[in-house]
Amino acid sequence: MADALEQLKERLAEITDLGKVGRLLSWDQQTMMPLAGTGHRADQMATVYRLAHERFTAPAVGRLLEELRPLEESLDPDSDDAALIGVVRRDYEKAVNVPSSLRAAMTRAAAEARPVWVKAKAESDFASFLPSLERIVELKLEYVDCVADGAAERYDVLLDDYEPQTTTAEVRTLFEELKPPLVELIAELRQRDVDDSFLHADFPPERQRGLAHEVIDLFGHRPDSWRIDPTEHPFASGPGRDDIRITTNYHPDSLESLFSTMHEYGHGLYNHQLPQHLERLPTGQSCSLGIHESQSRLWENLVGRSLPFWRFFYPRLQVTYPEVFARVDLERFHAGIRTAKPGLIRIQADEVTYGMHVMLRFELEQDIVEGRVALRDLPQRWNEKMWDYLGVEVPDDGHGVLQDVHWSGGSIGYFSTYLIGTVASVQIWEAACRDVPDLEDQVGRGEFAPLREWLGEHVHALGRKFSPQETLRRATGSSLAAQPYLDYLRSTYA
Ligand SMILES: [Zn+2]
């Protein structure tokens, strides 16, 4: 039986490697690759993911899992091996229903759609993106048909790919709890007039680049293991613990890249501190996108927008852009970065309005999957919801339905994890503050090692051994809850 476990691990190590190669190809496509290389890349990615899928869904894996059942039952459920067999069994039972030709077609369609989306977004031309989107949705629905057996709702299948063992109904309940207090707070803050004009100035990108590197080094990491590169839509990736690739987008007229760099640092640190001894196994990967997002939002907001942090870092910003900040004092600056104002773009949204952007997408995606909206009508639906939820008029599709990269990449079912993670980030931060009593003072002194280590021990080290809910429970002592997040927003913004 030990032999069966070794055989399974050997196979999983190869499959994990293939997945990481795929990630590297995707990172390269989004940062370095010349545009004309799209065709080659679509072939290569389709091949890599098809091979991984075939290797994983081979009958031999099913036989090994069957053979390992008695061992799994005899082991401590918290042990690495029991968790591994459980996680792999669940993945296998889902993946085995998906033909490898469909897996390859989905990968190819996404790689081909990417440049079409980039151009359509730049030209605000939804019609030119529509055929790519239709192809992606058609394949997604085919995928849902393959694996929906037993799911209460079709959307559950897609959500589960990003937030395992979480149902649409659970997310809906959480969001329904968040929506009324958020709408109320947004209306209340709308009356306020905070001067944040200094955040819309001339910020030469070369200096933004210096700041991004400075922040990453300040927050901390092992040497020679991180890269930051520019891209259209920032993300974090990388093929291993000691090869972390984060990306950002240096806008010459805003400091957005600074906050997005702190955000991607949180993602990067998670990958950087995953359990080394499980590195080439599914259980050594990140738990879910929601848990991933809790890490990025924690560094971006709980650390990166806090007064203690800026007491420490504001002099550095003033030295970098004296022409903008020399005459803006810390209190004014801090009030400026804590302004809540409804806007068009999700990734630029403040902490208060952010949730509404996510809910809009969560609802539209369910409409797509359930066939309640024709894809050509998406821009109109989008614009109506933006008006209803945020009172914002969408001027064109580039600032509306085309703004996010996700659908072009075939990621449908992904968006709710942003809000799940944002909600969880407050619970995790509060747990860290309980365990490390002078955490805020440390942040004010620019000392981040204790926070890094706490996150490493309580979140990152668990890898993917447990479900997201169980991971959060182990890290914080409680399950996902709206109230701490709502209390935090009220106390920091109202
Ligand atoms: Zn993120």
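(A) Geometry of the overall build of the protein. When its secondary structure is counted, the protein shows 22 helices and three strands. Its C-alpha radius of gyration of 22 Å places the protein within 12% of the 23 Å reference for a compact globule of 494 residues. The principal-axis extents of the C-alpha atoms in the protein amount to approximately 70 × 50 × 45 Å. When each of the 494 residues of the protein is scored for burial, the buried share is 40%.

(B) How the structure looks around the nonpolar core. Counting residues in hydrophobic clusters, the biggest one holds 115 residues, and the most contacted among them are Tyr265, Val358, Val423, Ala424 and Ile428. Looking at which domains feed residues into this core, each of domain 1 (2–149) and domain 2 (170–493) gives three or more. In contact with valine 423, not counting residues within four places along its chain, are Leu480, Ala482 and Tyr485.

(C) Looking closely at the packing of helix H9 (residues 168–190) against helix H16 (residues 354–369). Contact geometry for H9 and H16: axes closest at 11 Å, N-to-C directions at 140°. As the angle between them shows, H9 and H16 are arranged oblique. When the axes of H9 and H16 are compared, the crossing they make is left-handed. Contact with H9, carried on its side by Thr168, Val171, Phe175, Leu178, Lys179 and Leu182, involves Gly355, Met356, Met359, Phe362 and Gln366 of H16 and no other residues of that element. Among the residues making up the contact of H9 with H16, the classes are represented as seven nonpolar, three polar and one charged.

(D) Looking closely at unusual backbone geometry. With a phi angle near 55°, serine 124 is a residue other than glycine that sits in the positive phi range. For serine 124, the position within the fold is in the loop between helix H6 (100–123) and helix H7 (126–147). The backbone of aspartate 224 shows a phi angle near 55°, a positive value even though the residue is not glycine. The residue aspartate 224 is located in the loop between helix H10 (205–219) and strand E1 (226–230) in this model.

(E) Region of interest: the packing of H16 against helix H17 (residues 378–390). The contact between H16 and H17 brings their axes to 10 Å, and the two run at 145°. Crossing handedness for the pair H16 and H17: right-handed. Judged by residue contacts, Met356, Leu360 and Leu364 of H16 engage Leu378, Arg381, Trp382, Lys385, Met386, Tyr389 and Leu390 from H17. Among the residues making up the contact of H16 with H17, the classes are represented as eight nonpolar, no polar and two charged.

(F) Structural view of the domain arrangement of the protein. What the domain assignment reports for the protein is domain 1 (2–149) and domain 2 (170–493). When each unit is reduced to the centre of its C-alpha atoms, the spacing between domain 1 and domain 2 is 26 Å. Of the residues lining the interface, 39 residues belong to domain 1; the matching set on domain 2 comes to 33 residues. When residues of the side of domain 1 that touches domain 2 are traced back to their parent elements, those giving at least two are helix H1 (2–31), helix H5 (80–95), H6 and H7. At 12 residues, the largest contribution of residues to the side of domain 1 that touches domain 2 is made by H1. Here the side of domain 1 that touches domain 2 is composed, by residue class, of 23 nonpolar, six polar and 10 charged.

(G) Expanded view of the sheet that holds strand E2 (residues 236–240). Strand order in this open sheet of three strands is E1-E3-E2, and the pairing throughout is mixed. With one partner strand each, in any of the chains shown, E1 and E2 form the two edges of the open sheet. For this sheet, the mean inter-axis angle between neighbouring strands, taken without regard to orientation, is 20°. Sheet analysis places E2 next to strand E3 (residues 243–248), joined by three bridges and oriented antiparallel. Its bridge partner being in E3, alanine 236 is matched across the sheet by isoleucine 246. Lying on the sheet, H1 is in contact with E1, E2 and E3; it crosses E2 at an angle near 140°. The strands touched by helix H11 (residues 256–272) within the sheet are E1, E2 and E3, with E3 carrying the most contacts at an inclination of about 160°.

(H) A look at helix H2 (residues 38–57). Its 20 residues give H2 an end-to-end C-alpha distance of 28 Å, which sits within 8% of 28 Å, the value for a rise of 1.5 Å per residue. Of the positions making up H2, those classed as buried are Met45, Ala46, Val48, Tyr49, Ala52, His53, Phe56 and Thr57. Projected onto a plane normal to the axis of H2, the buried residues spread over an arc of 170° and lie on a single side. The outward face of H2, more than 90 degrees from its buried face, is lined by the exposed residues Gly39 and His40. Looking at the buried residues of H2, the elements they touch are H1, helix H3 (59–67), H5 and H6.

(I) Here's a closer look at the environment of leucine 139. Inspection of the secondary structure puts leucine 139 in helix H7. Separated by 30 residues in sequence, leucine 139 and alanine 109 place their C-alpha atoms 8.6 Å apart. Beyond its immediate chain neighbours, meaning those up to four positions away, leucine 139 contacts Leu102, Ala105, Met106 and Ala109.

Calculation rules
- Residues numbered from 1 in each chain as written.
- Predicted model: local features only at pLDDT ≥ 70, side-chain atom pairs only at ≥ 80, totals over all residues.
- Helix = DSSP H or I, 4+ residues; strand = E, 2+ residues; numbered from the N terminus.
- Rg over C-alpha atoms; globule rule 2.2 N^0.38 Å.
- Buried ≥ 20, exposed ≤ 12 C-beta atoms within 10 Å, placed from the backbone.
- Core = buried A, V, L, I, M, F, W, Y, C linked by C-beta atoms within 7 Å.
- Domains from an automatic or database assignment.
- Contact = placed C-beta atoms within 7 Å.
- Axes fitted to C-alpha atoms, helices over the stretch in contact; angles between N-to-C directions.
- Parallel < 35°, antiparallel > 145°, perpendicular 65-115°, else oblique.
- Left-handed = near helix turned anticlockwise from the far one by under 90°.
- Nonpolar A, V, L, I, M, F, W, Y, C, P; charged D, E, K, R; others polar.
- Pairing = 2+ DSSP bridges.
- Expected span 1.5 Å × (residues − 1).
- Arc of directions from axis to C-beta.

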